[in-house]
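# Architecture at a glance
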Amino acid sequence: MTTPAEIQFKDVDLDAVATITGKLAVFVGDNGKLDAGARKVNTLTRKALTRFVESEKFEKMSTGDVAAINFPVGLAAETVLVAKLSRRPSTEEARKAGAKLAKAQGDEDLTVLAGNIARADEIALGLALRGYKFDTHKTGDKTPAGAVTFMVSNPEEVAKSAAPMAAIAEGVFFTRDLTNEPANVLTTDDFAARLAAMHELGLEVEILEEDDLERLGMGSLLCVGQGSDSPSKIVVMSWNGGGDEAPFALVGKGVVFDTGGISLKTAAGMEDMTMDMGGAGVVAGVMRTLALRKAKANVVGLVGLVENMPSGNAVRPGDVVKSMKGDTIEVINTDAEGRLVLADVMWYAQERFKPVGMINLATLTGAILVALGHENAGVFSNSDELSESFIKAASLEGEGAWRMPMGKAYDDLLKSRIADMKNIGGRVAGSITAAQFLQRFVKDDVPWCHLDIAGVASVKSETALAPAGATGWGVMALNRLIADKFEG
């Protein structure tokens, strides 16, 4: 898997500044004030920083922006990167500055004269996240990422605070890698194998095969994958760091490729359906993060892995299937398959683990993208407390989330003439009726959130902390939610 660039933290050595090669970064306050490192660079470059700070270009820079001074005199470095940032930046500003430094770094070594600036660990996290590249399938010579060294006044303290952030970055990278992979590589077998390998981190990993799912009565999940040669599976990942308490459950939709089945999608854009396992990818990334940072909480992550293909064996519109819960479902549209997968996995999670709460994630509906675009995931919930806690965590991590309505009028749209329910409620309120469907598989005493991440899991253009493609949205928010709610 892709791993974040290794970042080292060392004592500030101003005497060595003149001989540092590669690229050299300094911080200048919004008011143009230079810290000790910047003053040293300014002296060596014959006031180049002073001239830049007095320029119109610096004036127009926003907090967190980075500009380059190329081939500065008096330095071995080929470029000085000037980050406009106060000594006590917000988390968002610090991560933005780190991300901008990563973009400006390229493949060169980078030394960051951070001195005693606050949130150096957050700057490092932003730098690591934005430095991600997915070039696994590109041939030819690949230039290795340049080394990154932070010169700080308290390296041991900063390194200690940065350690759990390195675990977060690795979890985000794991999610991005999974979501970016093509479907001929990330088959259900391959996906399960990658998750099974995480037992080396201390996770307990169990794989339920089709025979197991049939014995459990998971007709809803199994119908989705019956048209594919790839076997359907559920992977259960358990992290037990919190004693004897009941776990919190995360459930992810893992449709490794979605053609729509018999209700075939149009050809335009179908290649993007490799990301329809994004919910399962986020669950996997969170579990990896929890294991790497040795979280003091009990969390179970379950993912349903299937492929939705048309064939002579595929489920048809009008078919009626029976869920593990026992409810019957009339399949009106085979492209509304994610909810069929989640229904059985969610019910299994509750029956087996009796969780204190449950959050499911899925790239579930195009309707949520129409409603919220690429800025926010949709949050649907039966619990004000859980939904508010999640939205707060997402806000603190800079991951957009917006609560959406639910109600009986929407639920009534799922009535079927021949079964207990239909799997779609029609064109209107599509993301809401999908959530209403899922709520039917949530027990009354279980606090629950459904996160529709269709608009945020993978995007066509770069974001603040990620290049175009998979974002890893949700790993940081869920990690924070677990830390704040179950490790406090």
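In this report, we go over the structure that sits alongside the text. Counting starts from 1 at the beginning of each chain's written sequence and moves along it residue by residue. With pLDDT at 70 or above as the cut-off, local features in this predicted model cover only qualifying residues; side-chain atom pairs require 80 or more to be listed or tallied, and sums for whole chains, interfaces and linings still use all residues. Side-chain calculation: all heavy atoms of the structure are included, whereas hydrogens and water are not.

### Re the overall build of the chain
- Assigned secondary structure in the chain consists of 16 helices and 19 strands.
- For 488 residues, the compact-globule estimate of 2.2 N^0.38 gives 23 Å, and the chain sits close to it at 24 Å.
- Projected onto its principal axes, the C-alpha positions of the chain cover 80 × 50 × 40 Å.
- Under the scheme applied here, a residue whose accessible area is under 20% of the maximum for its type counts as buried, over 50% as exposed, and between as partly exposed, the area being computed with a 1.4 Å probe on protein chains only. Buried residues in the chain amount to 56% of all 488 residues.
- What makes two residues a contact is simply this: any of their non-hydrogen atoms within 4.5 Å. In the chain, the proportion of contacts linking residues at least 24 apart, taken out of those at least 6 apart, comes to 77%.
- As presented, the chain carries roughly 20000 Å² of accessible surface, and 49% of it is formed by carbon and sulfur atoms. Here a strand is any run of E in DSSP of at least two residues, a helix any run of H or I of at least four, and the numbering for each starts at the N terminus. The globule rule used here is 2.2 Å times the number of residues to the 0.38 power, and the radius of gyration it is set against is calculated over C-alpha atoms. Residue exposure ignores everything except the shown protein chains as possible cover, and the areas themselves are Shrake-Rupley values with a 1.4 Å probe.

### Focus on the pattern of salt bridges
- Salt bridge, as applied in this entry: a Lys or Arg side-chain nitrogen positioned within 4 Å of an Asp or Glu carboxyl oxygen. Tallied over the entire structure, the rule returns 29 salt bridges.
- Salt-bridge contacts for Asp65 lead to Lys100; the nearest nitrogen and oxygen are separated by 3.8 Å. Here the residue Asp65 occupies a position in the loop between α3 (56–60) and β3 (66–70), and Lys100 occupies one in helix α4 (residues 91–105), the gap between them amounting to 35 residues.
- Using a relative accessible area of 17% as the deciding quantity, one classes Asp65 as buried.
- A salt bridge links Arg95 to Glu122; the shortest N-O distance between them is 2.8 Å.

### Some remarks on the sheet that holds strand β13 (residues 357–362)
- Pairing in this open sheet of 8 strands is mixed, and the strands run β7-β8-β10-β9-β13-β17-β14-β15 from one edge to the other. Sheet topology places β7 (204–208) and β15 (401–403) at the edges, where each strand pairs with a single neighbour. On average, each strand axis in the sheet is tilted by 20° relative to the strand beside it, whichever way the strands run. Strand pairing is assigned whenever DSSP detects at least two bridges linking the two strands. As a rule, the C-alpha atoms of each element are fitted with a line to give its axis, helices using only the stretch in contact, and angles between N-to-C directions run from 0 to 180 degrees.

### Re a positive patch on the surface
- Nonpolar side chains (Val, Leu, Ile, Met, Phe, Trp, Tyr) within 5 Å and like charges within 9 Å form the patches, drawn only from residues with over 30% relative accessible area and no salt bridge. Only four residue types enter the tally: Lys and Arg on the positive side, Asp and Glu on the negative side; His and the chain ends are excluded. By convention, charge coordinates are those of NZ in Lys, CZ in Arg, CG in Asp, or CD in Glu. A cluster of basic residues, Lys33, Arg39, Arg87 and Arg88, forms a positive patch on the protein surface.
- Assignment of secondary structure puts Arg88 in the loop between β4 (79–84) and α4.
- Owing to a relative accessible area of 66%, Arg88 belongs among the exposed residues under this scheme.

### With respect to the packing of α4 against helix α5 (residues 120–130)
- Running from N to C, α4 and α5 cross one another at 45°; their axes reach a closest spacing of 6 Å. Relative to α5, the element α4 is oriented oblique. The interaxial crossing formed by α4 with α5 has right-handed handedness. Listed contacts from α5 to Thr91, Ala94, Arg95, Gly98, Ala99, Leu101, Ala102, Lys103 and Gln105 of α4 are Glu122, Ile123, Leu125, Gly126, Leu127 and Arg130.
- The residue classification treats Ala, Val, Leu, Ile, Met, Phe, Trp, Tyr, Cys and Pro as nonpolar and Asp, Glu, Lys and Arg as charged. All others, Gly included, are polar. For the contact of α4 with α5, the residue count by class is 7 nonpolar, 4 polar and 4 charged. Comment on the angle field: the value is read as roughly parallel under 35 degrees, roughly antiparallel over 145, roughly perpendicular from 65 to 115, and oblique elsewhere. Left-handed describes a crossing in which the near helix is turned anticlockwise from the far one by less than a right angle; the clockwise case is right-handed.

### Re the environment of Glu206
- Among the structural elements, Glu206 can be located in strand β7.
- Under the relative-accessibility criterion, Glu206 is labelled partly exposed at 31%.
- For Glu206, the residues in contact, after removing those within four places along its chain, are Ile234, Val235, Val236 and Arg352.
- Polar contact is the term for a pair of N or O atoms within 3.5 Å; when the atoms are in protein, one must be able to donate a hydrogen and the other to accept it, and sequence-neighboring residues count only if both atoms are side-chain atoms. Within polar-contact distance, the side chain of Glu206 engages the side chain of Arg352 at 2.9 Å.

### As for the environment of Glu399
- You can see Glu399 is positioned in the loop between α13 (384–396) and β15.
- You can call Glu399 buried: its relative accessible area is 8%.
- Separated by 392 residues in the primary sequence, Glu399 and Ile7 place their C-alpha atoms 24 Å from one another.
- Those residues in contact with Glu399 that sit more than four places away from it in its chain are Ala394, Gly472, Trp473, Gly474, Val475, Met476 and Ala477.
- Within polar-contact distance, the side chain of Glu399 engages the backbone nitrogen of Gly474 at 3.1 Å.

### Some remarks on helix α7 (residues 188–196)
- Here α7 has its buried residues at Thr188, Phe191, Ala192 and Leu195. The buried side chains of α7 occupy one side of the element, clustering within an arc of 95° when seen end-on.
- Where α7 is buried, its residues contact α6 (155–180), β7, β8 (233–240), β9 (248–258), α10 (278–292) and β10 (298–308). Working note: the arc is built from the helix axis to C-beta atom directions.

### Looking at the sheet that holds β3
- Strand order in the open sheet made by the 6 strands is β1-β6-β5-β2-β4-β3, with mixed pairing throughout. Lying at the two open borders of the sheet, with one neighbouring strand each, are β1 (7–11) and β3. On average, each strand axis in the sheet is tilted by 25° relative to the strand beside it, whichever way the strands run.
- Sheet strands touched by helix α1 (residues 36–44): β2 (23–28), β4 and β5 (110–115). Its angle to β2, the strand with the most contacts, is close to 120°.

### A look at the nonpolar core
- Residues Phe150, Ile359 and Phe390 are the most contacted members of the largest nonpolar core, which totals 89 residues.
- Broken down by element, the residue count for this core peaks at 9 residues, all from α6.
- Aside from chain neighbours lying at most four places away, what touches Ile359 is Phe248, Ala249, Leu250, Val251, Leu386, Phe390, Cys449, Leu451, Leu478 and Leu481. Residues belong to a common nonpolar core when they are buried Ala, Val, Leu, Ile, Met, Phe, Trp, Tyr or Cys residues joined through side-chain atoms within 4.5 Å.

### Quick look at a negative patch on the surface
- A cluster of like negative charges, contributed by Asp11, Asp13, Asp15 and Glu156, occupies part of the molecular surface.
- Relative to the elements of secondary structure, Asp11 occurs in strand β1.

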